[in-house]
Amino acid sequence: MTAQRVAPKGWGAHRSIAAAVAAAPAGGTVLVAPGTYTESLLLARRVVIEAEAGAGSVRLRTAEGPAVTVSAPGCALRDLALSGDDPARALVRVEDAAGLTVTGCELAGGAVEVLGSPSGTSAVPNSALTSGSSLSAELADPVDGGGVLLMLRSVLSRARGAGLHLTGDARARLVDSVVDEVDGIGAVLSGQSVLIAERLLVRGTSGSAVRVKGASRLLARGCRIVGAGRHGALVEESGELELADVRVEGAGRTGIRATHSARVTLTDSRFTDPREHGLHADEAARLTVRDCQVTSPAGSGLALSGAASARLTGTLFGDCAGSAVTVSGQSASFLDDCRIRGGGVHGVEVSGKGTAELRDVSVTGVRLCGLHTAEEGRLVASGTLVRGTQTGVVLRSLADEPSVLDGCTLDAPERSGVEIGAGSAAVLGGLRVTGAGGAGVAVDAGGRMMMTGGTVAGSAGSGIVLERESEAELRGVRVEDCGKNGVLVGEAVSGVFDHCDLTGSAYPAIHVGKGAEVAFRGCRVFDSAQDVGLADGAKPVFEDCAAVRVRTAVLPTLVDRSGAPPAGPVGAAAGTGPQTVPDAAAAAGAPGSATELWQQGEPEPEPETLEDLLAELDELVGLDGVKRDVNGMVKLMQTVRLREQAGLPAPPLSRHLVFAGNPGTGKTTVARLYGRLLRGLGLLSRGHLVEVDRSSLVGEYVGHTGPKTTEAFHRARGGVLFIDEAYALVPEGAGNDFGTEAIATLVKLMEDHRDEVVVIVAGYPGDMDRFVASNPGLSSRFTRSLLFADYNSAELVSIVEHHAQRHRYVLTDGAREALTAHVDTIPRGTRFGNGRTARQLFQAMTERQAMRVAELTDPAPEQLMQLDVEDL
């Protein structure tokens, strides 16, 4: 078939493309010579229009209306450059039952419209289309109606409103193409339309890159969305979105936004640096996410509200400025084998009446809580790991059903492992809490807990803490090596401890408060200085309980050489039935029990010397100014002791301190060491540290703050009360706040117990000045401030090496140099964590090293210890 030729001059050629199209038979070809043509074309039968000299040689400018209108199937444009006179109008229009293939073309200054049929007869066939559908049959003969478009290796740019618009039951497929510089939305789908996109790039849109509404569908694979002014993709009404291997980068708002009853499926895709959330669904929208990554959003990684739901598998959330996952309203989420690394607030946050179910999830390095519930939110987590957070899990929900933690591990939280709020309820099974900086598991006033199995080990505070009027039932729980009590039972608590073991508690393994009615059945206390301590009016019952290798024992012992039963109401021997212990001191002094057992026990540990403690202080990385100040205070207090021993009056001396510095600068470490120094000087009886913040001192209702502050203060008697972020007690702009009551209570207690407790308040430098100035009693008592400077790069590297040595790793010279260079590049902004940053770097290096070594067939011991450049 002879092609029709178009040229500006020459024999045998048409002077206009329209004339050549009119002369071409159905299925014919029009070859266009190089040049610029100003006309508007109507393709009413099958025809191919092609640039004779290849791409860029032919420019078609619209004369009026669209440059090309297609009303027939099987039409094609090849290697043409089309330009419109109004970017808000259609440049190319594909009408109902028409088909157009655009190959290697540039379409600028207008939109591409693909129209559906009035009856929507292709809606059903459209629902069967997949991301692999070629649309070849539909292009040749769209018998069901609706326009069909195929764009190959083409660029659509400089449109206004929408770059591509599909309506009704239209269909389109874009392959290896670009939608660029659209003043509005890159592609709009409505009705029952379908867009199939492969290796499509959408960039530079002022609005969302893609909007899917009505019952339309977008099926995208291997695409990129860059720099959208609003959402990467907005899915509304009953629209559907399927993305596979898609990258959404730098969205002006949310990476993916789903609302109404939208359905979104995301597979192996990446969402980076959105200015709001990574993924956001509300109303009745549903998300299914598999093997994706959401990194560095300015909000949450995933935000659910309304009645939305999400199911995520194998997905990573990294460095979210907000909580990695937020679930609110009546929404629901399920996370399976997902990872959360770093973040500015919580790992998973559930509020409203939302629910979150987690299975085999890991949360590491978030700033506040690994998992957090509030209002009536509910959490069910199994096999979940939380590591390196401020608090492991906080459950402050008043939901009808309790939250559940089953087989979870909470490793090295700075504060508590689990906190169950006032009036909240939780069921804990097989829980493991290790290395908590405060309590292992704490239940606030009126809270309820059932704990079965599991271990609480190495807590700096008490292992299990039950606040006033809480309820607890524990069965088969192990509490090991706690810095305070193994179990601390507050006033009016009720509950049962069934066959629990407590080992190596620094304080009495079990302390029971006034009016508490708690039963201990089949419990054992091992390797502790004292097994039981009771407040006046405590009403515990001990049945079949025993003490093993306990120096001061109230309970029957299993190694009592005398063989005589303890006197009083404790009972004849282990296993003889219920025992009520009315007074710990009297029982401890009973013949044949505590005294003899204490004598048979291991000798008292050697007391810490000032020289050893000061050497430990000197070994800390950095903190030169702090070390000088502490050494000076030690010398001053030594002189005071010498004057007292000589019968001379002591000069005025305030031991209370202000620690001013950014997070992670060693304030808590130095505070703990300061307490031990004062004990070594004989100025404090115990020298232990009680760490609290506003939430530990301020109540939720009138009359609660004073007792709460008093209880925290009395726990610190004989040691140091360390109030972190103390400035939060006097929030800016809050004239009537319960924090002022906490301060007033604190000032009175400091006066009443001036020789028993040292108070250290800590926080940001400017905020601490405001805190001290807020009350005359504070300014007169806190007369000395220690400034904790940020660590420099060399010091941060030293901290990383310190962690490595503790865990028997060795940095190569190359790794040390690369680490130094990397640390130099870390921004010292508000999110900089100082020592916490160093710890996170070390953890990341060990994780990467583990992945590398796992690929070795038979690694040598030195390979298992070595951290190299590739691990950074």
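Relevant structure appears above.
### Considering empty space enclosed by the protein
Per the stated rule, a full pass over the model turns up 5 cavities of 30 Å³ or more. What lines the largest cavity is a set of 14 residues, among which Val-210, Leu-218, Ala-220, Cys-223 and Ile-225 lie closest to the centre.

### Observations regarding the side chain of Thr-259
By secondary structure assignment, the location of Thr-259 is in the loop between strand S28 (256-258) and strand S29 (263-267). With a relative accessible area of 7%, Thr-259 lands in the buried category. At 3.3 Å, the side chain of Thr-259 and the side chain of Glu-283 are in polar contact. Sequence-distant contacts of Thr-259, defined by excluding residues within four places in its chain, comprise Val-235, Glu-236, Glu-237, Asp-282, Glu-283 and Ala-285.

### Focus: the state of the cysteines
Enumeration over the complete set of coordinates arrives at 0 disulfides. The structure places no disulfide on Cys-292, whose sulfur is separated from the nearest cysteine sulfur, that of Cys-338, by 9.7 Å. Residue classification places Cys-292 among the buried residues on the basis of a relative accessible area of 1%. Free cysteine: Cys-320, not disulfide-bonded; nearest cysteine sulfur from Cys-338 at 12 Å. Accessibility expressed as a relative area gives 0% for Cys-320, which makes it buried.

### Description of the sheet that holds strand S70 (residues 720-723)
Spatially, the 5 strands line up as an open sheet ordered S69-S70-S71-S68-S72, and their pairing is parallel. Among the strands making up the open sheet, the edge pair consists of strand S69 (689-692) and strand S72 (785-788). Across the sheet, the mean angle from the axis of one strand to that of its neighbour is 20°, orientation sign disregarded. Where strand S68 (residues 657-661) meets S72, 4 bridges bridge the pair, whose relative direction is parallel. Within S72, the residue paired with Val-658 across the bridge is Ser-785. Against the sheet, helix H7 (residues 624-645) engages S68 and S72, with an angle of about 155° to S72. Against the sheet, helix H8 (residues 667-680) touches S68, S69, S70, strand S71 (758-763) and S72, its axis set at about 170° to S71.

### With respect to the environment of Cys-223
Position of Cys-223 relative to the elements: it lies in the loop between strand S23 (217-221) and strand S24 (224-226). Given a relative accessible area of 5%, Cys-223 falls into the buried group. Measuring from C-alpha to C-alpha, the distance between Cys-223 and Val-178 comes to 9.9 Å, with 45 residues separating the pair along the chain. In this view, Cys-223 contacts Ala-197, Glu-198, Arg-199, Leu-200, Asp-245, Val-246 and Arg-247; residues no more than four positions away in its chain are not counted.

### Some words on the environment of Val-489
As for its position among the elements, Val-489 is in strand S58 (residues 487-489). Residue class for Val-489 comes out buried when judged on its relative accessible area of 1%. Spatially, the C-alpha atom of Val-489 lies 10.0 Å from that of Glu-471, the residues being 18 residues apart in sequence. Non-local contacts of Val-489, meaning those with residues more than four positions away in its chain, are made with Leu-466, His-511, Val-512, Gly-513, Ala-516 and Val-518.

### Digging into the pairing of strand S56 (residues 471-475)
A one-sided burial pattern is seen for S56, the buried positions being Ala-472 and Leu-474 and the unburied ones Glu-471, Glu-473 and Arg-475. Taken together, the 5 bridges between strand S53 (residues 448-452) and S56 define a ladder with parallel strand orientation. Within the sheet, the bridge partner assigned to Met-449 lies in S56 and is Ala-472. The pairing of S56 with strand S59 (residues 494-498) spans 5 bridges and is parallel. Among the inter-strand pairings, Arg-475 is bridged to a residue of S59, identified as Asp-498.

### Side note on the pairing of strand S14 (residues 148-152)
Of all the 5 residues making up S14, 5 are buried; the element is thus mostly covered by neighbouring parts of the structure. Here S14 shows no split at all, with Val-148, Leu-150 and Leu-152 on one side and Leu-149 and Met-151 on the other all buried. When strand S11 (residues 99-103) meets S14, the two strands line up parallel, connected through 5 bridges. Counted as the bridge partner of Thr-101 is Leu-150 from S14. Pairing analysis gives 5 bridges linking S14 to strand S17 (residues 171-175), with the strands arranged parallel.

### Thoughts on the pattern of salt bridges
Opposite charge on two side chains makes pairing possible when the charged atoms of those side chains draw close. In this structure the tally under the stated criterion is 34 salt bridges. Across the salt bridge formed by Arg-378 and Glu-401, the nearest N and O atoms sit 3.9 Å from each other. One end of the pair, Arg-378, is in strand S44 (residues 378-382); the other, Glu-401, is in the loop between strand S46 (391-397) and strand S47 (403-406), and 23 residues separate them in sequence. For Arg-378, a relative accessible area of 21% corresponds to the partly exposed category.

### Concerning the environment of Val-512
Mapped onto the secondary structure, Val-512 falls in strand S61 (residues 510-512). In this structure, the C-alpha to C-alpha distance between Val-512 and Ser-154, residues 358 residues apart in sequence, is 77 Å.

### Details of the packing of aromatic side chains
In this structure the tally under the stated criterion is 5 aromatic pairs. Between the aromatic rings of Phe-497 and Phe-520, the centroid separation amounts to 4.8 Å while the plane-to-plane angle is 15°, which identifies the pairing as stacked. Highlighted residues: Phe-497 in strand S59 and Phe-520 in strand S62 (residues 517-521), separated in sequence by 23 residues. Phe-497 gets classed as buried once you look at its relative accessible area, which sits at 2%. Between the aromatic rings of Phe-520 and Phe-542, the centroid separation amounts to 4.9 Å while the plane-to-plane angle is 10°, which identifies the pairing as stacked. Of this pair, Phe-520 sits in strand S62 while Phe-542 sits in strand S65 (residues 541-543), placing them 22 residues apart in sequence. The pair Phe-520 / Phe-542 is uniform in exposure class, with both members buried. Through pairs of rings, three or more aromatic residues link up here, namely Phe-497, Phe-520 and Phe-542.

The rules behind each value
Note on numbering: residues in each chain are counted from 1, in written sequence order. With pLDDT at 70 or above as the cut-off, local features in this predicted model cover only qualifying residues; side-chain atom pairs require 80 or more to be listed or tallied, and sums for whole chains, interfaces and linings still use all residues. The basis for every side-chain value is the complete set of heavy atoms in the structure, and neither hydrogens nor water enter the calculation. Put simply, the grid is 1 Å and covers the protein atoms alone, a cavity is a trapped set of points that fit a 1.4 Å probe, a pocket is an open set with protein on both sides within 12 Å along at least five of seven lines, and lining residues have an atom within 4 Å of a point. Grid points are joined across faces, edges and corners, and a volume is the space filled by probe spheres set on the points. What counts as a helix is a DSSP run of H or I of at least four residues, what counts as a strand is a run of E of at least two, and both are numbered from the N terminus. Classification of residues uses two cut-offs on accessible area relative to the type maximum, computed with a 1.4 Å probe and protein chains only: under 20% is buried, over 50% is exposed, and between them is partly exposed. Throughout this description, a polar contact denotes any pair of N or O atoms lying within 3.5 Å of each other; where both atoms belong to protein, one of them has to be capable of donating a hydrogen while the other can accept it, and for residues adjacent in sequence the pair is counted only when both atoms sit in side chains. Here, two residues are considered to be in contact whenever any of their heavy atoms come within 4.5 Å of each other. For this text, the term disulfide refers to a pair of cysteine sulfurs within 2.5 Å. In short, DSSP must find at least two bridges between two strands for them to pair. Helix axes are fitted only over the stretch in contact, all axes being lines through C-alpha atoms; the angle between N-to-C directions runs from 0 to 180 degrees. The salt bridge criterion pairs a side-chain nitrogen of Lys or Arg with a carboxyl oxygen of Asp or Glu, the two atoms within 4 Å. Stacked, tilted and edge-to-face are the three classes assigned to paired rings of Phe, Tyr and Trp, where Trp is represented by its six-membered ring and a pair needs centres within 6.5 Å; plane angles under 30 degrees give stacked, over 60 edge-to-face, the rest tilted.

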